[in-house]
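One-letter residues, chain by chain:
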Amino acid sequence: MSACVPACGLTLYGLTLGKAGAGNTVTLSGGALTVGGPLTLSTGTLVIAGQTLNLGQALTMGSANGTLQVGSGVLSAGANAITVNAGSITQGTGSITAAGLSVGGGTLSASAAGTLTLGAGGLSVTSGTVSLGSDTVSTTSLVQSGGVINANAAAITASGNAAVTAGSFLGGSSTLTMSGAGTSIQFAVGGPQNLTVSAPGTVSLSGSPLAVGGALVVNGGSTLATGANNLSVAGN
């Protein structure tokens, strides 16, 4: 069963999705919708296809039966963070913007070339699964201490530290670009397929050897300091 919510520039204090079954959908239509208070997805799928959903509060996905589907639409959390502890967020060619994204269960799954833009909170994964598809990802930090990150074919730019200490990081055909000077990179498990250092200064390896599965590019004005850590590059 499916239904439509006519957005039409509306602002609501709160919105709760509690359909009869997890397979039931509600689709936004008609324009932008702003939810100034809590958005709760208990059961069913909220579909954003060609529309914009603006959030005035942090979003926590806490139900295994709740799904937020950002197809070709826009999910904008503004200065608020998004947390996925259960359920799922799926993404097509749409865009997701938030102050930070924390995954402690459930899934975030991109299937096409969308955009994921994260602020000071960065991307943090402690459990669950993140699949980045062909996304363009811009984040401050990339932190993983558990769970699975499948980077697929994503282009990931980190202006802060990258620290992958546990879990499973699958590089796929992705590229990680380190753009911040004075930052560090650590992959205790897995590693990026391709690595570009574009920082106007030094990026340092920290705590673990680094294996780059494809190409390593260090741009002019940038330095990659290995210290006592081994660096292996398969592609060049």
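Note: the structure precedes this text.
Our subject in this report is the structure included herewith. (Residues numbered from 1 in each chain as written. Predicted model: local features only at pLDDT ≥ 70, side-chain atom pairs only at ≥ 80, totals over all residues. Heavy atoms only, no water.)

Points about the overall build of the protein
Within the protein one finds zero helices and 26 strands. At 19 Å, the protein has a C-alpha radius of gyration in line with the 18 Å of a compact globule built from 236 residues. Structurally, the protein occupies a C-alpha span of about 55 × 30 × 25 Å along its principal axes. Relative to its 236 residues, the protein shows a buried fraction of 44%. The contacts of the protein with a sequence gap of at least 6 include a subset with a gap of at least 24, amounting to 14%. (Helix = DSSP H or I, 4+ residues; strand = E, 2+ residues; numbered from the N terminus. Rg over C-alpha atoms; globule rule 2.2 N^0.38 Å. Buried < 20%, exposed > 50% of the residue type's maximum accessible area, 1.4 Å probe, protein only. Contact = heavy atoms within 4.5 Å.)

Looking at unusual backbone geometry
A positive phi angle, close to 50°, is found at Asn152, a residue other than glycine. Along the chain, Asn152 turns up in the loop between strand S16 (142-150) and strand S17 (155-158). Since its relative accessible area comes to 24%, Asn152 is described here as partly exposed.

A closer look at the packing of aromatic side chains
Across all of its chains, the model carries one aromatic pair by this definition. Ring centres of Phe169 and Phe187 lie 5.0 Å apart, and the angle between their planes is 70°; on these two criteria the pair is classed as edge-to-face. Taken together, the residues Phe169 in strand S18 (residues 162-170) and Phe187 in strand S20 (residues 183-187) connect sequence positions 18 residues apart. Grouping residues by exposure puts Phe169 and Phe187 together as buried. (Phe/Tyr/Trp six-rings, centres within 6.5 Å; stacked < 30°, edge-to-face > 60°.)

With respect to the nonpolar core
Of all hydrophobic cores here, the largest spans 55 residues; its most connected members are Leu53, Leu68, Ile82 and Ile185. If we skip the residues at most four places from it in the chain, Ile82 touches Leu59, Leu75, Ala77, Ile89, Ile96, Ala98, Gly100, Leu101 and Ser102. (Core = buried A, V, L, I, M, F, W, Y, C linked by side-chain atoms within 4.5 Å.)

Remarks on the pairing of S16
If a strand is regular, its side chains alternate between the two faces of the sheet. Here strand S14 (residues 115-131) runs beside S16; their pairing, made up of six bridges, is parallel. Its bridge partner lying in S16, Ser131 is registered against Asn150. The sheet contact formed by S16 and S18 spans seven bridges and is parallel. Opposite Ile149, over in S18, you have Phe169 as the bridge partner. (Pairing = 2+ DSSP bridges.)

Digging into the side chain of Thr177
Positionally, Thr177 belongs in strand S19 (residues 175-178). Since its relative accessible area comes to 17%, Thr177 is described here as buried. Contacts of Thr177, omitting those with residues within four sequence positions, involve Ile156, Thr157, Ala158, Thr196 and Ser198.

Brief notes about the environment of Ser111
Mapped onto the elements of the fold, Ser111 is located in the loop between strand S13 (95-110) and S14. Taking the relative accessible area as the measure of exposure, Ser111 reaches 64% and is therefore exposed. With residues up to four places along the chain from it excluded, the contact list for Ser111 reads Gln91 and Gly92.

Quick look at the environment of Asn54
As for its placement among the helices and strands, Asn54 is situated in strand S7 (residues 52-55). Looking at Asn54, the relative accessible area reads 24%, which means it is partly exposed. With 28 residues separating them along the chain, Asn54 and Ile82 place their C-alpha atoms 12 Å apart. Not counting chain neighbours up to four residues away, the residues in contact with Asn54 comprise Ala32, Leu33, Thr34, Val35 and Ser76. Within polar-contact distance, the side chain of Asn54 engages the side chain of Thr34 at 3.4 Å. (Polar contact = N/O pair within 3.5 Å; in protein donor to acceptor, adjacent residues only side chain to side chain.)

Distances and angles like these do not, on their own, reveal function.
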